Amino acid sequence: MIYQHKNFVLDMNGSKGKLYVGGQLRFMGDPYVAISMLLKFSDNHPDVRAKFKAQLEMREKPRFE
């Protein structure tokens, strides 16, 4: 899967995630970390958060009341 947002490209084909910023490779490794970095670079943009909502919810820490 390749996801593009503004000048960011997230390539998650295979077992590694690759994050490109402005055409340059910024990260290659764990897909969850690549998603987290994309969120950070995009200033937590709502479109990006909505696209990866399922993956992010799987990794959220338990909430205790």
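Each remark here, short or long, concerns the structure printed above.
All of the points below concern the structure found in this document. (Residues numbered from 1 in each chain as written. Predicted model: local features only at pLDDT ≥ 70, side-chain atom pairs only at ≥ 80, totals over all residues. Heavy atoms only, no water.)

1. Here we look at the overall build of the protein chain
Okay, step 1: Looking only at helices and strands, the protein chain features three helices and four strands.
Okay, step 2: For the protein chain, the sequential pattern of α-helices and β-strands runs β-β-β-β-α-α-α.
Okay, step 3: Within the protein chain, the fraction of its 65 residues that count as buried is 29%.
Okay, step 4: Sequence separation of at least 24 residues holds for 26% of the intrachain contacts in the protein chain that already meet a minimum separation of 6.
Okay, step 5: Approximately 4,800 Å² of the protein chain is accessible, and the part contributed by carbon and sulfur atoms is 51%.
Okay, step 6: Side-chain charges of the protein chain comprise 11 positive and 7 negative groups, with the mean position of each set lying 5 Å from the other. (Helix = DSSP H or I, 4+ residues; strand = E, 2+ residues; numbered from the N terminus. Buried < 20%, exposed > 50% of the residue type's maximum accessible area, 1.4 Å probe, protein only. Contact = heavy atoms within 4.5 Å. Areas by Shrake-Rupley, 256 points an atom, 1.4 Å probe, with all protein chains shown as cover. Lys, Arg positive; Asp, Glu negative; His and termini not counted. Charge placed at Lys NZ, Arg CZ, Asp CG, Glu CD.)

2. A closer look at the nonpolar core
Okay, step 1: Formed by 14 residues in total, the largest nonpolar core has its most connected members in Y3, L10, L19, I35, L38, V48 and F52.
Okay, step 2: If you list the elements that add at least two residues to this core, you get β2 (8-11), β3 (17-21) and α1 (31-41).
Okay, step 3: Residue contributions to this core peak at four residues, all from α1.
Okay, step 4: Filtering out sequence-adjacent residues up to four positions away, L10 remains in contact with M1, I2, Y3, K18, L19, A34, I35, L38 and F52. (Core = buried A, V, L, I, M, F, W, Y, C linked by side-chain atoms within 4.5 Å.)

3. A few points about the pairing of strand β4 (residues 24-29)
Okay, step 1: Relative to β4, β3 runs antiparallel, the two sharing five bridges. Bridge assignment links V21 to a residue of β4, and that residue is Q24.
Okay, step 2: Connecting β3 to the next strand, β4, in antiparallel fashion are two residues, including G22 with a positive phi near 60 degrees. (Pairing = 2+ DSSP bridges.)

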